[in-house]
Amino acid sequence: MFWASAKKQKIEVVKAEILFQFHKLEKGLIMPGKRRVFGEAVALRLIELLTHWQSQGYRVDDSIYLGALATLKVYRKKVIEDGYELQLTIMPRLTHFLEKSSSQIKNGYETPIVLSNNYRSGFNGFNDLVEFRRSVRDYEQVFVEPELIKKAVGLAQMSPSVCNRQASKVYFIQDKNKMNFLLSNQNGNAGFGERIPSLAIITVDQNCFFNATERHQPYIDGGLFTMTFLYALSAQGLSSCCLNWCVLPKVDKKVHYEMKIPFSERIMMLIAIGFPAKGVKVPLSCRKDVSDVFIQL
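Note that the structure is a prediction, hence the values are computed from the model and not measured.

Enquirer: Any chance you could explain the overall build of the chain here in plain terms?
Expert: Helices and strands together make up the secondary structure of the chain, namely 10 helices and 6 strands. Here the C-alpha radius of gyration of the chain, 21 Å, is about what a compact globule of 297 residues would show, namely 19 Å. In terms of overall dimensions, the chain has a C-alpha envelope of 55 × 45 × 45 Å along the principal axes. Among the 297 residues that make up the chain, the fraction classed as buried is 46%. When contacts within the chain are restricted to residue pairs at least 6 apart in sequence, those whose partners lie at least 24 apart make up 81%. Computed over 39 positive and 28 negative side-chain charges, the separation of the two mean positions in the chain equals 3 Å.

This is the structure we're talking about:
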């Protein structure tokens, strides 16, 4: 991992942490339920990172930089609207930073956005489907038919896998006690976990691989399978949110045992699944400029 050497501050490291931090604020801005104070430490760290960005003379038209500035602006506005301005010691510093950077703040980078209702009438091609697929954290409280999930799994089975070994599996859960157990052992569902109608566990069976030369293959095959599964859910009007499985080994073992998942299967992630609430808001989630990703040799 490279964040430990942050003093060297390569632009890739700075950009990665800026994304990490301002996406926390984006998620706070779209959470359902009662308004509350949030994000002060995150906003402070983001100011520090953006100040460093400015001092290094990095591009001020970079989409990630612009997304972070816009998110701080929306965050400040939201805090004032919700009446929490006086409870945040960071407000004077935040206001000063935004005023100093005001000439660089651009429209079109603000969170939240309202999720498209295209799924109600079908999608016009792949581009439309990709635009609809967003991480949703507020769902209609209605039953999700398992047959819809089975259909999505069948489509995901068309994903490529090494030598067509098809090692991925989906465990579908709607029992509230089992869901609560899973969510209590996962660290990314605060603020919306109680509104999740159903969960899927994505695993990859390590019995399908030969030896240590294929040690990365479970993640590759599992990732390909999961992305197809997410699009297949979207194609049926279902929304989802990937929930990371960055847990200690003892937690992983406990979940394997309690959910009766064979220990030969590696858990990739959990996925929250449900029909999106009407008018649901989602983060804009700025993407890097294509020039940062596309490299022609």
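Once the structure has been displayed, the description carries forward.
Enquirer: Explain helix H4 (residues 91-100) to me, please; I cannot follow it from the model alone.
Expert: Three or four residues apart is the spacing at which side chains of an α-helix point the same way, because the helix has 3.6 residues per turn. Where H4 is concerned, the buried positions are Met-91, Leu-94, Thr-95, Phe-97 and Leu-98. All buried residues of H4 fall inside an arc of 165° around its axis, so they share one side. Away from its buried face, by an angle of more than 90 degrees, H4 presents the exposed residues Pro-92, His-96, Glu-99 and Lys-100. The inward-facing, buried residues of H4 abut helix H2 (40-55) and helix H3 (63-81).

Enquirer: So what exactly am I meant to see when it comes to the sheet that holds strand S2 (residues 168-173) here?
Expert: The pairing of strands in a sheet comes from backbone hydrogen bonds and takes either a parallel or an antiparallel form. Spatially, the 4 strands line up as an open sheet ordered S2-S3-S5-S4, and their pairing is antiparallel. In the strand order of this sheet, the two ends are held by S2 and strand S4 (239-244), each with one partner. Looking at each pair of strands side by side, their axes are set apart by 25° on average, direction ignored. Running over the sheet, helix H7 (residues 176-184) touches S2, strand S3 (198-205), S4 and strand S5 (265-274) and is turned about 65° from S3.

Enquirer: Mind showing me how you'd approach the packing of aromatic side chains here?
Expert: Each aromatic ring pair is characterised by the separation of its centres together with the angle its planes make. A complete count under the given rule lists 6 aromatic pairs for this structure. With a centroid separation of 5.2 Å and an interplanar angle of 55°, the aromatic rings of Phe-123 and Phe-132 are classed as tilted. Relative to Phe-229, the ring of Phe-225 has its centre 6.4 Å away and its plane inclined at 15°; by these criteria the two rings are stacked. Taken as a pair, Phe-225 and Phe-229 lie in helix H8 (residues 217-235) at a separation of 4 residues, close to a single helical turn. Feature note: the residues Trp-53, Tyr-58 and Tyr-65 constitute an aromatic cluster, connected by ring pairs. Of note, Arg-137 hangs over the ring of Phe-192, and the distance from its end group to the ring centre comes to 5.8 Å.

Enquirer: Help me understand the pattern of salt bridges, please; the structure alone is not making it clear to me.
Expert: A side chain of one charge can pair with a side chain of the opposite charge when the charged atoms of the two come close. Enumeration according to the criterion identifies 13 salt bridges in this entry. Note that Glu-48 and Arg-45 form a salt bridge whose closest N and O atoms lie 3.2 Å from each other. Here Glu-48 and its partner Arg-45 are both found in helix H2, 3 residues apart, which amounts to about one turn of the helix. When its relative accessible area of 33% is taken as the criterion, Glu-48 is described as partly exposed. Arg-45 gets classed as partly exposed once you look at its relative accessible area, which sits at 25%. The partner of Arg-59 in a salt bridge is Asp-61, with the nearest N and O atoms 2.9 Å apart. Salt bridges here are not isolated pairs; linked through shared partners, they connect Lys-15, Arg-59, Asp-61, Asp-62, Asp-289 and Asp-292.

Enquirer: Sorry if this is basic, but what is going on with the pairing of S3 here?
Expert: Sheet faces and side chains relate simply in a regular strand, where the side chains alternate between the two faces. Counted residue by residue, S3 has 8 buried out of 8 residues, so it is predominantly covered. Here S3 shows no split at all, with Ser-198, Ala-200, Ile-202 and Val-204 on one side and Leu-199, Ile-201, Thr-203 and Asp-205 on the other all buried. Summarising the sheet, S2 and S3 pair through 6 bridges and their orientation is antiparallel. When the sheet's bridge partners are listed, Phe-172 is paired in S3 with Ala-200. Judged from the 8 bridges that link them, S3 and S5 form a sheet pairing that is antiparallel.

Calculation notes
Residues numbered from 1 in each chain as written. Predicted model: local features only at pLDDT ≥ 70, side-chain atom pairs only at ≥ 80, totals over all residues. Heavy atoms only, no water. Helix = DSSP H or I, 4+ residues; strand = E, 2+ residues; numbered from the N terminus. Rg over C-alpha atoms; globule rule 2.2 N^0.38 Å. Buried < 20%, exposed > 50% of the residue type's maximum accessible area, 1.4 Å probe, protein only. Contact = heavy atoms within 4.5 Å. Lys, Arg positive; Asp, Glu negative; His and termini not counted. Charge placed at Lys NZ, Arg CZ, Asp CG, Glu CD. Arc of directions from axis to C-beta. Pairing = 2+ DSSP bridges. Axes fitted to C-alpha atoms, helices over the stretch in contact; angles between N-to-C directions. Phe/Tyr/Trp six-rings, centres within 6.5 Å; stacked < 30°, edge-to-face > 60°. Lys NZ or Arg CZ within 6 Å of the ring centre and 35° of its normal. Salt bridge = Lys/Arg side-chain N within 4 Å of Asp/Glu carboxyl O.

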